[in-house]
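Notes for the structure review
Here are the chains, one letter per residue:
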Amino acid sequence: MNTISLKKLFNFEKTPLNVVMAFVTVALVAAFFAGAVNYILHGHHAYNVTRQHPWGLLISMYVFFVVSSTGLCIISSIGHVFGIPEFQQIGKRAIAGAIITISSGFAVIGLEIGHPVTMLIYNVLTPGLTSAIWWMGTLYGLYLTFICLEFFFLAIKENHTLSKIFGICGLLVGLAAHSNLGAVFGFLVSRPSANGVFYPVYFILSAMITGCYLIFLMYGFRYKMNFPEKVAIMLVKLGKILGMLLAVLIFFEAWKILTALYGDMPERAATILHAIKHPNFWFGELTLGMLIPFVVILLSNAKAIKATVYASLAGMVGIFFMRYGLVHDTLLYPMTTLKRAEYELAPTFVEYFPSATEFAIGLGGIGLSLFLYYLADKIFNLDETAHH
Amino acid sequence: MARYGMALNYKNCINCRACESACKEENGVLLLKDHYRIWVGVKEAEGQFPNISIASQTYHPSQCQHCDNAPCQQVCPTNATYYGKDGMVMVDPNKCILCTYCINACPYDARYVDQRTMTVDKCTFCSDTRLAAGETTTACQATCPTKVRVFGDLDDPNSEISVLLANKEYRQVKEHLGTKPKLFYIL
Ligand code: SF4
Ligand code: SF4
Ligand code: SF4
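Predicted, not measured: the structure shown is a model, and the values here were computed from it.

Conventions and cut-offs
- Residues numbered from 1 in each chain as written.
- Chains lettered and ligands numbered in written order.
- Predicted model: local features only at pLDDT ≥ 70, side-chain atom pairs only at ≥ 80, totals over all residues.
- Heavy atoms only, no water.
- Near = heavy atom within 4 Å.
- Nonpolar A, V, L, I, M, F, W, Y, C, P; charged D, E, K, R; others polar.
- 1 Å grid on protein atoms, 1.4 Å probe; cavity = no way out; pocket = protein on both sides within 12 Å on 5 of 7 lines; lining within 4 Å.
- Points joined across faces, edges and corners; volume = space filled by probe spheres on them.
- Helix = DSSP H or I, 4+ residues; strand = E, 2+ residues; numbered from the N terminus.
- Domains from an automatic or database assignment.
- Expected span 1.5 Å × (residues − 1).
- Buried < 20%, exposed > 50% of the residue type's maximum accessible area, 1.4 Å probe, protein only.
- Contact = heavy atoms within 4.5 Å.
- pLDDT = per-residue confidence, 0-100.

**Remarks on the site of ligand 3**
In the neighbourhood of ligand 3, the contacting residues comprise B:C76, B:P77, B:T78, B:A80, B:T81, B:C96, B:I97, B:L98, B:C99, B:T100, B:C102 and B:V120. Among the residues forming the shell around ligand 3, the class breakdown is nine nonpolar, three polar and no charged.

Spelled out as C-alpha cells, the structure:
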C-alpha cells in the first residue's frame, strides 16, 4: 500500500490515452450521478420498464458487472489458487478488479431494486429459500466479503496462506453465486426460451471469457502495449485459454440456437428466431463478442498480444450485448394469456428501449469502475511484489 | 380452510368489461396504463365474409390463477408473495422489495407494479375487500350480467363450483407448467 497525498492521487502523466481515459471516466461518473438524482426524483417512472418488460438495462448492467467480477476472480485463481506460476502476477490486479466491478454492479442494482433497505431486512427475516435471487444476492454478499479479505492479505497485510484460503472461499462462493444468477433466468418456467440448464452453465463460461478480456485490457493499459517478457508469456498463455473458451462458447451457442429452433416449439422457437435476427445478436454478441477475438487468436496462434487487446475491447462491447440480450430476449415473447387481440391489436413481440436515465446509470457504472480502478492502481501496488 | 377457485362459463361472456370496472372500483385499482388485476382476452372471429365463423369469436376473462404451485411465490426472495388463507396467493407490500422477479416468473401476466406503494399487486379474489367483510362473491362475479363467473370453495364437494366442475368439461391455461392454476374455463 502506498501512502500518497491527495494531490498526487489525481496527478497522472498527460499522455493522449490517459487524458481520453480521464475524460471518459469523469463523463461516465457524472452521468451515473445525474441518472441517480433523476431516479431519486422520479422513481421508476424514469425507467422504460413496463408490466410486459419489467427488467431492463439496469438488470443487464448488473449482470455485466457481476459476470466481470466472477470472471476476474476465476482467472486470477489460476495462479493464485491453483498455483500455476505464470499467472500468479495477475492475482492482485484481478482481485482488485473483481472487487471494483461487483461494487459497481451493486451500485447499479441498488438503483433498480425498488426497496433496497426492505431487501436487507427481509432477506434475513423471511428468506425465500426457493428464490434464485435470494441465493444469488446472499452468496454475492458473502463472495464480496471473501474477496475483500483475500485482497487485504494480498496487498495490504501480506499473508499468503490467508489470502489463498480466502481466495478459495471466494472462488467457490463466487461460482455458486454466479451459477445462481444464471438460474434466476434458467428457473423461469414461464419463459421457454430461457428455461433450462443453459444459463447456469453458460454464465460460468462467459464469466471466464469476460475475465480474460478484462485482463487483456488492464494489462494493455498498464504497460501501454510494451509488455515485459514475463507479462507477454502470461498473456500468450491466457490468449490460448481464451481461444479455447471462445470455441466452447460458440459451440454452446450454436447448439442452444439449434435446439431452440428445432421442432418449432411454441414460444421458444419464435423468440430465439426473433432474437438472432436482430443486429444486437449477430453483430453485437456474435461478431464483436465472439468471432473477432476468436479469429485474432486463431490466426496469430495467440501470439498477437496487441491485437488481442484491441479484440478484447470489441469482446467487452459484445459481452454488453450478451447481457442485454439475456434480459431482453427472455422477456421478448408477449405473455398474452388469452389476450389474442387485445384492443383490436394482435400481440407482437414486446418492445423495450432503455430511457436516458437507464443509460446514464447503467453505462455510468462503467465510469465508477474506471474511477475506482484508477484509485486502486494509485493507492495499492497492483503489480506482483517480489517473492522472498 | 377453504380452497377458493373460479370457474368461467367463458362462452357466455359478452365482453362488456363490467368486471374490469367493478374490480377497479372495489379494490381501488388506479386508472393507469398497466394497472389491471383482471382483463378480458379477445379472440376475433376467423374467416372471410361470408364464411365468418361466429363460434371462433370468443372472450376469455382472466386474472391471477391463484396457482396451488405458484412460480411467483417460489421466486420471491423475501417471501413477500405467500400462500394466504383459503389457498390464495397474496403479496405483503411491506416485504416486497420490487425486484419484479415475480412478474417475470408468472406465466399468466397477472402482476403489475402499483404506483402508489411501488410494490407488486394482483387479483386477491377480493379477499381483503369483500370476503373479509363477509361477502361470498367477488366484485367481478357479482357484476357480471351473463353469470360467467362462479367463485367458490373447491374443497367443498357441495359448493356450486365443485358441482359445476364435476359435471362439465373444462380446460385450464398452461397447466403443463405444473402451476396447478385455479381458474377453470367451462367448455
Ligand atoms: S362482466 Fe361478465 S360478461 Fe362482462 S366482460 Fe366480465 S366476464 Fe364478460
Ligand atoms: S397466476 Fe401468476 S401471480 Fe397468480 S398465483 Fe399464479 S403465478 Fe402467481
Ligand atoms: S417484486 Fe415483491 S413480491 Fe415480487 S418477487 Fe420481488 S419481492 Fe417478491
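**Some words on the layout of surface pockets**
Residues and elements named next belong to chain A. Roughly 1700 Å³ of volume is contained in the largest pocket. What lines the largest pocket is a set of 49 residues, and nearest its centre among them are M21, L217, F221, L370 and Y373. Looking at the lining of the largest pocket, the elements that each hand over two or more residues are helix 2 (16–42), helix 3 (57–80), helix 4 (91–110), helix 8 (198–222), helix 12 (305–331) and helix 13 (356–379). In terms of residue count, helix 2 provides more of the lining of the largest pocket than any other element does, 10 residues in total. Of the domains in this structure, domain 1 (19–48) and domain 2 (49–334) are the two that each give at least three residues to the lining of the largest pocket.

**Observations concerning empty space enclosed by the protein**
Rolled over the atoms, a probe sized like a water molecule indicates the empty space that remains. Residues and elements named next belong to chain A. As enumerated under the stated definition, the model contains eight cavities of 30 Å³ or more in all. The computed volume of the largest cavity comes to approximately 120 Å³. Taken together, 14 residues make up the lining of the largest cavity; nearest its centre are E253, K256, F281, E285 and D329. The set of elements that each furnish at least two residues to the lining of the largest cavity consists of helix 8, helix 9 (229–261), helix 10 (268–277), helix 11 (279–300) and helix 12. Considering every element that reaches the lining of the largest cavity, the biggest residue donor is helix 12, with four residues. In terms of residue class, the lining of the largest cavity is made up of nine nonpolar, one polar and four charged.

**So, helix 2 of chain A**
All names here are of chain A. Over its 27 residues, helix 2 extends 38 Å from the first C-alpha to the last, a length consistent with the 39 Å expected when each residue adds 1.5 Å. Among the residues of helix 2, those classed as buried are N18, T25, L28, V29, F32, G35, A36 and Y39. Where helix 2 is buried, its residues meet helix 4, helix 8 and helix 13.

**Quick word on the confidence of the model for chain B**
The share of residues in chain B with pLDDT of 70 or more is 100%, and the mean pLDDT across the chain is 93. With a pTM of 0.94, the predicted complex shows an ipTM of 0.91.

**With respect to the environment of B:Y101**
With respect to the element layout, B:Y101 can be found in helix 3 (residues 101–105). In contact with B:Y101, not counting residues within four places along its chain, are A:W55, A:S131, A:A132, A:I133, A:A183, A:V184, A:F187, A:L188 and B:V75.

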